[in-house]
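Close look at the chain arrangement
Here is how the chains run, residue by residue.
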Amino acid sequence: MSDVRRIIFFVESLFSARDYNRFGIELLVENGFEVEVWDFTPWLHPEVQKKVTDPDPISFYGLHQFWSSGESVLAIRGLSAGCLVVLLIGYCLNSFILYKALSSNRIRYAVFMANNLPAVNIRADKISFAKRLRNLKLNKVPSAIFTRMPYSFWGIRPANIVLAGGESSLISISYPVGNSTKYLWIHTLDYDIYLDTKGRFSIKDTYRDACVFLDEYLPFHPDFFHLKIQSPASVEDYYPLMCNFFDRIEKELNIEVIIAAHPRSHYGERDPLFGGRLVIRGSTFDLVRSTRFAIAHSSTSINFAVMLEKPIVFITTDKLTQSNIGPYIEKISELLGKNEINLDAGQSIDWEREMTVDIMAYATYKNDYIKKGGTDNLLFWQIVSNYLHERVKIT
């Protein structure tokens, strides 16, 4: 791959300062690559473009937004052979035109499969018959047909590279891949934060007498706009339940609950939604490292607690259990040797058991979903850079 000189990230969500760092833009430039980010949110997800604002917007010379599919196709047609596209856009009917343009122009591309949660089955018995009937909409039929046909039928070339994470990160592959596809085993992007910050603290206080909630911004998360679905957690139901549970922790364990805010959230520092508790955004790893244990639903930031071998208390609600989020909470807690606590059930809690860590389960989870054993202990995009420089040719 020594002929790759230009790397372009294709994204379908608003680009932020966090993304700039996670994508290793400066590291890739230092390694001799021209780097750009092409954002197709305006026409792929117009509702997101209109209604979602990122708390950390960023602008840099290589960031380009595309407002129509026609404009996007023309730009792809103008790409040269020395380019590698890194696709962070799923393969579906809406994005087909991008994959088709890349294939027609024989542009090499990599797909990202390094930050996956464990695969789950959304059981039919968790979805009411009435809801299943509502989901049988005619406008979903073309998409269902598209996903069931092999990508070759549509003239799509397979990905040249899969950027993979843990050993089980490829259990469910929805991208076009084939016999010629190369698999580059790396790790999750969260592991970069662990490598980059494990020897220093960005938070002054250590919060040794506190625990941290790994917030998912559930009532407001931008993904619900992407998927065009309603959040299973309303503001009126969700936050009072959370605050009641945090009150219980603070009373029974005599410790403070701190909120590690979701990166795309817009909370205040002492947000009333969390009962005036301290809310910190952008320092989740340090908060997990500093506090006694973590509280979580199914956030990928659980990876930090696993890497640091910190106890995790898994929580759910009746509505979350009945939603597509429920199986993830159940599956992840099971893999880590825990049972989720339903905040609607008013159940007793064995805090001694909650504070235990199943070291073997954590090690297995790390290998399966964070970092496969035997892979390089380097930053994610440094591994990619090394691979691109070392390869003589990519087919």
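Once a new chain begins, its residue numbering starts again from 1 and follows that chain's sequence as written. Totals for whole chains, interfaces and linings use all residues, but because this is a predicted model, local features are given only for residues with pLDDT of at least 70 and pairs of side-chain atoms are given and counted only at 80 or more. With hydrogens and water stripped out, all remaining heavy atoms of the structure feed into the side-chain values.

**Comments concerning the overall build of the chain**
As a reminder of what qualifies: The helix and strand labels rest on DSSP assignments: H or I over at least four residues marks a helix, E over at least two residues marks a strand, and numbering proceeds from the N terminus. The classification of residues rests on relative accessible area computed with a 1.4 Å probe and restricted to protein chains. Under 20% of the type maximum is buried, over 50% is exposed, and intermediate values are partly exposed. Two residues form a contact once any of their heavy atoms are found within 4.5 Å. Here the Shrake-Rupley method, with its probe set to 1.4 Å, supplies the accessible areas, and only the displayed protein chains count as covering residues.
Helix and strand content of the chain: 18 helices and 13 strands. Split into buried and exposed, the 395 residues of the chain put 51% on the buried side. Across the chain, contacts joining residues at least 24 apart in sequence account for 74% of those joining residues at least 6 apart. In the form shown here, the chain has an accessible surface area of approximately 18,800 Å², with 51% of it arising from carbon and sulfur atoms.

**Thoughts on the sheet that holds strand 9 (residues 256–261)**
The condition is simple: When DSSP finds two or more bridges between a pair of strands, those strands are recorded as paired.
Reading across from one edge, 10-9-8-11-12-13 is the order of the 6 strands in this open sheet, with parallel pairing throughout. In this open sheet, the two edge strands, each paired with only one partner strand, are strand 10 (279–281) and strand 13 (341–342). Bridge analysis of strand 11 (residues 294–296) against strand 12 (residues 312–316) gives 3 bridges, and the strand direction is parallel. Looking at the pairing, Ala296 lines up with Phe314 of strand 12.

**Some details on the sheet that holds strand 5 (residues 108–113)**
Heads up, the condition is: Here an axis means a line fitted to C-alpha atoms, over the contact stretch when the element is a helix, while the angle between two N-to-C directions is reported on a 0 to 180 degree scale.
Spatially, 3-2-1-4-5-6-7 is the arrangement adopted by the 7 strands of the open sheet, whose pairing is parallel. The sheet is open, and its two borders are formed by strand 3 (63–65) and strand 7 (182–185), each paired with just one other strand. Across the sheet, the mean angle separating the axes of adjacent strands is 25° when strand polarity is ignored. Relative to strand 2 (residues 34–39), strand 1 (residues 6–11) is paired through 6 bridges, and the arrangement is parallel.

**So, the side chain of Thr284**
Mapped onto the secondary structure, Thr284 falls in helix 12 (residues 284–290). For Thr284, a relative accessible area of 16% translates into the label buried.

**A closer look at the packing of aromatic side chains**
Applied cut-off: Each pair of aromatic rings taken from Phe, Tyr and Trp, with Trp reduced to its six-membered ring, is defined by centres within 6.5 Å and is described as stacked if the planes are under 30 degrees apart, edge-to-face if over 60, and tilted in the remaining cases.
What the rule picks out here adds up to 30 aromatic pairs. Through a chain of ring-to-ring contacts, three or more aromatic side chains come together here, namely Phe9, Phe15, Tyr20, Phe23, Phe60, Tyr61, Phe112, Phe380 and Trp381.

**Digging into the packing of helix 5 (residues 69–77) against helix 6 (residues 96–104)**
For clarity, the cut-off: For classification purposes, angles smaller than 35 degrees are called roughly parallel, those larger than 145 roughly antiparallel, those between 65 and 115 roughly perpendicular, and all remaining angles oblique. By definition, any crossing whose near helix is turned counterclockwise from its far helix by less than a right angle is left-handed, and any crossing with a clockwise turn is right-handed. In this count, Pro and Cys sit with the nonpolar residues alongside Ala, Val, Leu, Ile, Met, Phe, Trp and Tyr, while Asp, Glu, Lys and Arg are called charged and the others, Gly among them, polar.
Their axes nearest at 9 Å, the elements helix 5 and helix 6 cross at an angle of 20°. Classified by the angle between their axes, helix 5 and helix 6 sit roughly parallel to one another. Along this stretch, helix 5 crosses helix 6, giving a crossing that reads as right-handed. Here Ser69, Ser72, Val73 and Ile76 of helix 5 lie close against helix 6, whose contacting residues are Ile97, Leu98, Ala101 and Leu102. Class assignment for the residues of the contact of helix 5 with helix 6 results in 6 nonpolar, 2 polar and no charged.

**Quick word on the environment of Leu117**
For Leu117, the position within the fold is in the loop between strand 5 and helix 7 (129–135). With 251 residues separating them in the primary sequence, Leu117 and Asp368 have C-alpha atoms 9.8 Å apart.

**Some thoughts on the pattern of salt bridges**
Threshold: Salt bridges are defined as contacts in which a side-chain nitrogen from Lys or Arg sits within 4 Å of a carboxyl oxygen from Asp or Glu.
Within this structure, the stated rule accounts for 12 salt bridges. Residues Arg108 and Asp3 are paired through a salt bridge, measuring 3.1 Å at the closest nitrogen-oxygen approach. Taken as a pair, Arg108 in strand 5 and Asp3 in the segment before strand 1 lie far apart in primary sequence, 105 residues in all. Asp3 sits in the partly exposed class, given a relative accessible area of 32%. Between Arg22 and Asp190 there is a salt bridge, and its shortest N-O distance comes to 3.8 Å. Of this pair, Arg22 sits in helix 1 (residues 17–22) while Asp190 sits in helix 9 (residues 189–197), and the two are 168 residues apart along the sequence. The pair Arg22 / Asp190 is uniform in exposure class, with both members buried. Residues joined by salt bridges that share partners form a network here, namely Asp247, Glu250 and Arg277.

**Digging into the environment of Asn367**
Quick reminder of the rule: Polar contacts here mean pairs of N or O atoms no more than 3.5 Å apart (in protein, one a potential hydrogen donor and the other a potential acceptor; neighbouring residues in sequence count only if both atoms are side-chain atoms).
In this fold, Asn367 is placed in helix 17 (residues 359–369). Of the residues examined, Asn367 reaches a relative accessible area of 22% and is grouped as partly exposed. For the pair formed by Asn367 and Ser169, sequence separation is 198 residues and the distance between their alpha carbons is 9.8 Å. Looking at Asn367, its side chain comes within polar contact range of the side chain of Asp368, at 3.3 Å.

**Some details on the pairing of strand 5**
Look at any regular strand and the pattern is simple: side chains alternate between the two faces of the sheet. By the criterion of burial, strand 5 is predominantly enclosed, with 6 of the 6 residues buried. A two-sided burial pattern is seen for strand 5, the buried positions comprising Arg108, Ala110 and Phe112 on one face and Tyr109, Val111 and Met113 on the other. One ladder, built from 4 bridges, connects strand 4 (residues 83–87) with strand 5; its direction is parallel. Each residue of the ladder has a partner; that of Leu84, found in strand 5, is Arg108.

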